[in-house]
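Listed below are the residues making up each chain.
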Amino acid sequence: MEGSVGCDNDLNLRATELRLGLPGTEPVSIVRSNKRSLQQVADDDCGVNGCKSDDQNETAPPPPKAQIVGWPPIRSYRKNNIQTKKNESEGGGIYVKVSMDGAPYLRKIDLKIYSGYPELLQAIENMFKFTIGEYSEREGYKGSDYAPTYEDKDGDWMLVGDVPWEMFITSCKRLRIMKGSEARGLGCGV
Amino acid sequence: MQKEMAYSFPDEVLKHVFSFIQSDKDRNAVSLVCKSWYEIERWCRRKVFIGNCYAVSPRMVIRRFPEVRSIELKGKPHFADFNLVPDGWGGYVLQWIAEMAGAYPWLGEIRLKRMVVTDESLELIAKSFKNFKVLVLFSCEGFSTDGLAAIAASCKNLRELDLRESEVDDLSGHWLAQFPETCTSLVSLNISCLGSDEVSFSALERLVDRCPNLRSLQLNRAVTLDKIANILRRAPQLVDFGTGNYAAELQPDVFSNLAGAFSSCKELKSLSGFWDVVPAYLPALYSICPRLTSLNLSYATIQSPDLIKLVSHCPRLQRLLVLDYVEDSGLEELASSCKDLQELRVFPSDPFGVEPNVSLTEQGLVAVSLGCPKLQSVLYFCRRMSNAALVTIAQNCPNLTRFRLCIIEPKTPDYLTLDPLDAGFGAIVEHCKDLRRLSLSGLLTDHVFEYIGTYGKKLEMLSVAFAGDSDLGLHHVLSGCESLRKLEIRDCPFGDKALLANAAKLETMRSLWMSSCAVSFGACKLLGQKMPKLNVEVIDETEPPDSRPESYPVDKLYIYKSVAGPRFDMPPFVWSMDEAVKILH
């Protein structure tokens, strides 16, 4: 059963591979690259006969507006600037880097998907396979060698958990899991 | 007897006369008069501009001009700005620096645009040129703050360090502190592109303190509003200033400190920066607004009423960059307040949104064209346009030299008549006789190109996207635009015929870019064979162009004139159509 389905799919793909317009017509240059999603433009060019473009997306319907590479012609740094603002106001992701002392590479997480500190810390524990201690306002994180810290908008390194969650996610620029004596010095009662 | 008169001036006199001739065009003309003028001129040329770093080799430049003090180089094609040129394409400056290090010990100025600059290149600059004064890296990439540290530490008489719009690798380190205490020569410092972690503010303050000639300073986004006053009080002589982020909780003492600091800057004419603006702090600028000639608010996400208030305080404004939050109402205010306006750029706040998020239409631009008779340069993103509006703009502003219109949705017709916008753009080229640069958008047929070929006699740069019906369009442009130097085309149905019929034209231009068009591999090969003065490069990231039939269109094509022959630094996805190279490939 597996084999025959595979065969059928092969036939279908061959017949409709990378084509817009009816079979037998010249392939249009704009569809050669899978990477460029010019469906919107391609749809226009197909005219009344309709398109076979749906075959390329058997599982999902084509997006209503496919983004065209390099259009509108805006430089990346400008796009990034606008994007940041949009995310803040409309709930796009807040991605921050997470580093852990001793780990060979960094990770990135989206702060928006967590509803509070417990969830965030749990996720970081899972990501780096370690445990953070118990948090208390007076003593910081007790019971482990690690302390989660973050860099805020002023460039200062702060202990995670001191400020309200909403304030934290708007001011956190990156996270760092500190280890060892540096960590123990943070927030612990003398 | 007559002939002898021509040579009666000693070389020294000619050299002295030539030293007053600064423009490249004139210098080139001088060098063509006769052999002895060519010789004298080449020994005293001090400034070289190379618009395409692959058009000539470093060795050739050094051989002809042995005493250069200032060089400007441009690398990647303009469409690299919009991610159409893959990473690794080229534009490396290292070899230039390496060769110039030996040949030009007195080189003082390097200006680069769209080039890949490594830390190694920067370190080489730092140690090779004892009299280094000016480094401008416009839209460059490939370097980190380590390279900048080398420049800061070694260049004792640095006057200008301008990193505008470049991508710099975020490494920790206080590179600014590398400027020695003895460095007091800075006139211009632009670090606006740097990410948060890269600037030590106290080092910056000390640097500003000891550079009394500092005229132009652009801070980066990480510098907070409360720090602006400190900087301005140390540099009241500034002419051009870029803030960091302009947001803070409104506090009366912070506000009055800021307002006072701005008002002490009696020479300040140009402002930029303004990330994350809190409108309540804009009135701190009011004291300097009457003197402002240039204002870049293109990152400021402030709404039209606040923009209107600010702009109405700036009657001398000549240049305004702004987001489309300004809306038609804001542009109408601009038109009535700023009669000296020469340049307007309106950027989209939500370029990928389907519905318009602001009320900015063609009306805003029409209002400005009516109210600002000195308007010369326009860059305008909007969602609708009409032929009538374009005709009005053309008639109101016959002095336009740069007109770039981007209607966000490709192939958008005239919203009133549903016609193509041929007539509107036709009016632009017809009325604006000095038009040098034009970018098209909207629904356009071959007719618009007929207009452009007929009237665009001074046009030097043309950008085309999603336009035209056939090769006739391209043919009109190539055969009619006498001054054309740069042509960049994407997603147009232009094929082999026009290109091959106008092959000779390509030798008179700097470059041609065509992507997602219909030029066949066979035609590219033919051009490469027949036109030895051109480098014909095919770019394809998916598979080699010769793995398909010759009639297949190429993905991207970049053709440029060159006396250096095919380049040696092509990545695997770039193929040269030069016969010689093909054998080696």
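In this text, all values refer to a predicted model and were calculated from it rather than measured experimentally.

1. Regarding the overall build of chain A
Assigned secondary structure in chain A consists of six helices and seven strands. Secondary structure of chain A in N-to-C order comes out as α-α-α-β-β-α-β-β-β-β-α-β-α. Looking at chain A as a whole, 36% of its 190 residues qualify as buried. In chain A, 48% of the contacts between residues at least 6 apart in sequence involve partners at least 24 apart. Surface accessibility of chain A: about 11,700 Å² in total, with carbon and sulfur atoms responsible for 51%.

2. Concerning the domain arrangement of chain B
It is common to report an interface's size as the accessible area lost on association of the parts. Per the domain assignment, the segments making up chain B are domain 1 (6–44) and domain 2 (508–584). One C-alpha centre belongs to domain 1 of chain B, the other to domain 2 of chain B; they are set 38 Å apart.

3. A closer look at the UniProt feature "domain: PB1" (unreviewed entry) in chain A
Listed under "domain: PB1" (unreviewed entry) in the UniProt record, and renumbered for this structure, are residues 93–180 of chain A. The annotated region residues 93–180 of chain A carries 22% helix and 35% strand content, and the separation between its end C-alpha atoms amounts to 31 Å.

4. As for the sheet that holds strand β5 (residues 146–151) of chain A
Residues and elements named next belong to chain A. Pairing in this open sheet of five strands is mixed, and the strands run β2-β1-β7-β5-β6 from one edge to the other. Of all strands in the sheet, those bounded by a partner on one side alone are β2 (107–110) and β6 (157–159). Each neighbouring strand pair of the sheet contributes to a mean axis angle of 35 degrees, computed without reference to strand direction. Inspection of the sheet shows strand β1 (residues 95–100) paired to strand β7 (residues 174–179) by four bridges, in the parallel sense. Looking at the pairing, valine 98 lines up with leucine 175 of β7. Seen against the sheet, helix α4 (residues 117–128) touches β1, β2, β5 and β7 and runs at an angle of roughly 155 degrees to β2.

5. Describing the environment of B:Gln95
Residue and element names in this part refer to chain B. Assignment of secondary structure puts glutamine 95 in helix α6 (residues 94–103). For the pair glutamine 95 and serine 121, spaced 26 residues apart in sequence, the C-alpha separation works out to 8.6 Å. Of note is the side chain of glutamine 95, whose polar atom sits 2.9 Å from the side chain of glutamate 99.

6. Remarks on the pairing of strand β21 (residues 534–539) of chain B
Residue and element names in this part refer to chain B. With six of six residues buried, β21 lies mostly within the body of the structure. The side-chain alternation of β21 yields two buried faces, one formed by Leu534, Val536 and Val538 and the other by Asn535, Glu537 and Ile539. As paired elements, β21 and strand β22 (residues 556–561) share six bridges and run antiparallel to each other. Across the sheet, asparagine 535 pairs through a bridge with tyrosine 560, a residue of β22. Two strands pair when backbone bridges link them, and β21 and strand β23 (residues 574–576) are joined in this way by three bridges, in the antiparallel orientation. Residue pairing across strands places valine 538 opposite tryptophan 575, the latter belonging to β23.

7. Examining helix α14 (residues 362–371) of chain B
All names here are of chain B. The buried fraction of α14 is high, at eight of ten residues. Taken as a whole, α14 has its buried residues at Glu362, Gly364, Leu365, Val366, Ala367, Val368, Ser369 and Gly371. The inward-facing, buried residues of α14 abut α13 (327–337), β14 (343–347), β15 (377–382), α15 (387–396) and β16 (402–407). Of the residues flanking the start of α14, the one acting as N-cap is threonine 361, its side-chain oxygen 3.0 Å from the backbone nitrogen of glutamine 363.

Calculation rules
Residues numbered from 1 in each chain as written. Chains lettered and ligands numbered in written order. Predicted model: local features only at pLDDT ≥ 70, side-chain atom pairs only at ≥ 80, totals over all residues. Heavy atoms only, no water. Helix = DSSP H or I, 4+ residues; strand = E, 2+ residues; numbered from the N terminus. Buried < 20%, exposed > 50% of the residue type's maximum accessible area, 1.4 Å probe, protein only. Contact = heavy atoms within 4.5 Å. Areas by Shrake-Rupley, 256 points an atom, 1.4 Å probe, with all protein chains shown as cover. Domains from an automatic or database assignment. UniProt positions renumbered as here; feature names shortened; annotations may be inferred. Pairing = 2+ DSSP bridges. Axes fitted to C-alpha atoms, helices over the stretch in contact; angles between N-to-C directions. Polar contact = N/O pair within 3.5 Å; in protein donor to acceptor, adjacent residues only side chain to side chain.

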